[in-house]
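So you can see what is in the structure, the chains are spelled out below.
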Amino acid sequence: MIVTKNITKKFGKLKALDDVSVTFSKGECIALLGPNGCGKTTLIKSLLGMVVPDNGTIEFNQSSIKNKWAYRSRIGYMPQIGRYPENMTIANVIDMMKDMRKENNTAPDEDLVKSFGLNNMMQKKMSTLSGGTTQKVSAALAFMFNPDVLVLDEPTAGLDPLSSEKLKQKIISEKQNGKLVLITSHILSELDDLITEVFYMQEGKLLFHKKLEALKQETGEEKLSKAIAKIMSEQEAL
Amino acid sequence: MNPDKMKKLLKYVVADIIQNKIVLVYTALLLIISLSVFNLENSAAKGLLSLLNIILILVPLICIIFSTIYMYNSAEFIELLVSQPLKRRTIWLSLFCGLATSLSIAYFIGVGIPILIYHADATGFIMIITGLFLTVVFVSIALLSASLTRDKAKGIGLSISFWLYFSLIFDALVLFLLFQFQDYPLENIMVALSFLNPIGLSRVQILLQMDISALMGYTGAIFRDFFGNSAGIILSYVGLTAWVIVPLLISLRKFKSKDL
């Protein structure tokens, strides 16, 4: 579904992405992991066309995304920090996105709007919302247009445990519908029952990209957090 | 570009900016200034002249600073829009049109309506149109500064420098040039130079309409000669239009290749 070939991106002297080649296929739920500043967000932004790589190609459904924009109607993106124009209400923001993307002609999926209780505060202005509520709006927008690919950057940061569980259930059900889900998160414990593959980056390089099961077998650990901790400490020992 | 999507996006952006407190205060401020100037001066013509001097300073300043801050505050919103199936061109032009439309509405309510009440003649109309041009020109220059640097403080600093340059420094440089080369005939060069400053161009346009160019001496006569006929007026509006389009196109080019 998404194939990147040897993409490299430099910001000044810093190599944010260093020769990353990867294939993300349908029906997988992939965790993008790695220490802060390892290039996860740059990778996500490259897929979304926000950052243009210096070298290499990115293909979405077998066609290059360079200078293209229509492919993004197949992607739902939830940013790490959502900030919206302050005088828009929740209803305005949702209507605006519907206007921008309704070419899909399918009924918008408003499950999350309802389960997060956003429909009871539609007239509230974005500037008056708490960080968590703003995250809920971002999440609801990402899932609304039935995209084939979901890109979630730290989706549960700032959400209360109940909402975070609702979001997880939604991710699982979308995965079962055959969607490709990319998640970055630092809270490894909550990824255990979501993900099928782990993509680990360090200093802009791909360290490994493995099935979760394979990773657990290799390390002999049951929990993702322990398996990753083991790998990281082995890395340090080298 | 998709004009349909741009129209829709524009609608939401304008609705957002019009409710902005700074824009509301700006409208009220312009309204208070215009009404008091017309009521304090004993002739409406004198009122218009006082208003001109205030507008030439205030409108560019507020428009450029507000627009620059708005663009930086919208950074995350722009990222979200870029992740949607939209061309970058559509996003940038929608934001530009949104700012230009809202600030023009503010100007029209604050200055346009009082002029129409107290001084609704050719000079008044020229003043309304020129003020609208100045509004759009400085929104365009604000987008240019916002596209040149990622840092908000630097961007605002750049905008203030642009404003200082066009409202003070440029005139000082021209005066300096005049004194240095006072032995040479500089009148035609002065006409050409006036195209390099949108504020100067607006001032000349309105002063000539007011028929007080005699106060400006021989240069005033040359200006009268050039800008006084319809070809000159058209040419000066072409100049102002260029001041809208050129900064906008440069900023659009920058934005298209920018990493967000």
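The rules behind the values
- Residues numbered from 1 in each chain as written.
- Chains lettered and ligands numbered in written order.
- Predicted model: local features only at pLDDT ≥ 70, side-chain atom pairs only at ≥ 80, totals over all residues.
- Helix = DSSP H or I, 4+ residues; strand = E, 2+ residues; numbered from the N terminus.
- Rg over C-alpha atoms; globule rule 2.2 N^0.38 Å.
- Buried ≥ 20, exposed ≤ 12 C-beta atoms within 10 Å, placed from the backbone.
- Contact = placed C-beta atoms within 7 Å.
- pLDDT = per-residue confidence, 0-100.
- Pairing = 2+ DSSP bridges.
- Axes fitted to C-alpha atoms, helices over the stretch in contact; angles between N-to-C directions.
- Right-handed = clockwise from strand over helix to strand, strands pointing away.
- Expected span 1.5 Å × (residues − 1).
- Parallel < 35°, antiparallel > 145°, perpendicular 65-115°, else oblique.
- Left-handed = near helix turned anticlockwise from the far one by under 90°.
- Nonpolar A, V, L, I, M, F, W, Y, C, P; charged D, E, K, R; others polar.
- Bend = angle between axes of the 7 residues up to and from the residue.
- Core = buried A, V, L, I, M, F, W, Y, C linked by C-beta atoms within 7 Å.

### Re the overall build of chain B
Scanning chain B for helices and strands turns up eleven helices and zero strands. In terms of C-alpha radius of gyration, chain B reaches 19 Å, essentially the compact-globule figure of 18 Å for 260 residues. Projecting the C-alpha coordinates of chain B onto the three principal axes gives extents of approximately 60 × 45 × 35 Å. For chain B, the proportion of its 260 residues judged to be buried stands at 42%. Summarising the internal contacts of chain B: among those between residues at least 6 apart in sequence, 78% fall at separations of at least 24.

### Concerning the confidence of the model for chain B
Mean pLDDT over chain B: 90, with 95% of residues reaching 70 or higher. Reported for the predicted complex are a pTM of 0.91 and an ipTM of 0.89.

### As for the pairing of strand E3 (residues 29–33) of chain A
All names here are of chain A. In terms of burial, E3 is a largely internal element, five of the five residues being buried. Burial along E3 is two-sided: Cys29, Ala31 and Leu33 and Ile30 and Leu32, pointing in opposite directions, are all buried. Sheet topology note: the E3/strand E8 (residues 180–184) ladder contains four bridges and is parallel. Residue pairing in the sheet places alanine 31 in a bridge with isoleucine 183 of E8. Looking at chain direction, E3 and strand E9 (residues 197–202) are connected through four bridges and run parallel. Pairing of alanine 31 across the sheet is with valine 198, part of E9.

### A word on the interface of chain A and chain B
Contacts between chain A and chain B engage 24 residues on the former and 21 residues on the latter. The biggest single contributor to the side of chain A that touches chain B is helix H2 (residues 90–101) of chain A, with five residues.

### What about the sheet that holds strand E2 (residues 14–24) of chain A?
Residues and elements named next belong to chain A. Sheet architecture is open: four strands sit in the order E2-E1-E4-E5, paired in antiparallel fashion. Here the strands that pair on one side only, and so sit at the sheet edges, are E2 and strand E5 (63–64). Of the strand pairs in this sheet, strand E1 (residues 2–11) and strand E4 (residues 55–60) are connected by five bridges, and their pairing is antiparallel. When the bridges of E4 are listed, threonine 4 appears paired with isoleucine 58. Across the sheet, helix H1 (residues 40–47) lies against E1, E2 and E4, angled at about 60° from E2, the strand it touches most.

### Observations concerning the pairing of strand E7 (residues 149–153) of chain A
Residue and element names in this part refer to chain A. Here E7 lies mainly inside the structure; five of its five residues are buried. Here E7 shows a buried face lined by Val149, Val151 and Asp153 and a second buried face lined by Leu150 and Leu152. Bridge count for strand E6 (residues 75–78) against E7 is four bridges, and the pairing is parallel. By the bridge assignment, glycine 76 is partnered in E7 with leucine 150. Bridge analysis of E7 against E8 gives five bridges, and the strand direction is parallel. Each bridged residue has a counterpart across the sheet, and for valine 149 the counterpart in E8 is leucine 180. For the handedness criterion, the β-α-β arrangement of E7, helix H5 (residues 161–176) and E8 is classed as right-handed.

### Side note on helix H6 (residues 122–148) of chain B
Compared with an ideal rise of 1.5 Å per residue, which puts 27 residues at 39 Å, H6 of chain B spans 39 Å between its outermost C-alpha atoms and is within 8% of the ideal. Within H6 of chain B, 21 of the 27 residues are buried, leaving the element largely enclosed by the surrounding structure.

### Describing the packing of helix H6 (residues 212–219) of chain A against helix H7 (residues 224–237) of chain A
Residues and elements named next belong to chain A. Running from N to C, H6 and H7 cross one another at 60°; their axes reach a closest spacing of 10 Å. Between H6 and H7, the crossing angle belongs to the class labelled oblique. In the packing of H6 onto H7, the handedness of the crossing is left-handed. Across from Leu212, Leu215, Lys216 and Thr219 in H6, the residues of H7 making contact are Leu224, Ala227, Lys230 and Ile231. Split by residue class, the contact of H6 with H7 holds five nonpolar, one polar and two charged.

### Points about helix H5 (residues 88–118) of chain B
In this model, H5 of chain B (31 residues) spans 44 Å end to end at C-alpha, consistent with the 45 Å of a helix rising 1.5 Å per residue. Bending of H5 of chain B peaks at approximately 40° at the position of phenylalanine 108 of chain B.

### Some details on unusual backbone geometry
Residues and elements named next belong to chain A. Of note in the backbone geometry, asparagine 6 takes a positive phi value of approximately 50° without being a glycine. Looking at the element boundaries, asparagine 6 is found in strand E1. Judged by the 13 C-beta atoms lying within 10 Å of it, asparagine 6 is partly exposed. Of note, the phi angle at asparagine 61 is positive, near 50°, even though the residue is not glycine. Summarising the element assignment, asparagine 61 is placed in the loop between E4 and E5. Judged by local crowding, asparagine 61 falls into the partly exposed class, with 13 C-beta atoms found within 10 Å.

### Digging into the sheet that holds E8 of chain A
Residues and elements named next belong to chain A. Here we have six strands laid out as an open sheet, ordered E6-E7-E8-E3-E9-E10, and mixed in their pairing. Only two strands of the sheet have a single partner each, and these edge strands are E6 and strand E10 (205–211). Here the strands of the sheet are splayed against their neighbours by 15° on average, with no regard to which way each runs. Running over the sheet, H6 touches E9 and E10 and is turned about 95° from E10.

### A short note on the environment of glutamate 76 of chain B
Tracing the chain through its elements places glutamate 76 of chain B in helix H4 (residues 75–82). C-alpha separation for the pair glutamate 76 of chain B and leucine 260 of chain B, spaced 184 residues apart in sequence, amounts to 9.0 Å. Ignoring any residue separated from it by four or fewer positions in sequence, one finds glutamate 76 of chain B in contact with Pro79, Ile81, Gly82 and Arg83 of chain A.

### Remarks on the nonpolar core
Residues Val151, Leu182 and Ile183 of chain A together with Val139 of chain B are the most contacted members of the largest nonpolar core, which totals 135 residues. In terms of residues, this core owes the most to one element, H6 of chain B, which gives 13 residues. Discounting residues that sit within four places of it in the chain, leucine 182 of chain A has contacts with Phe24, Ile30, Leu32, Ile44, Val151 and Leu152 of chain A.

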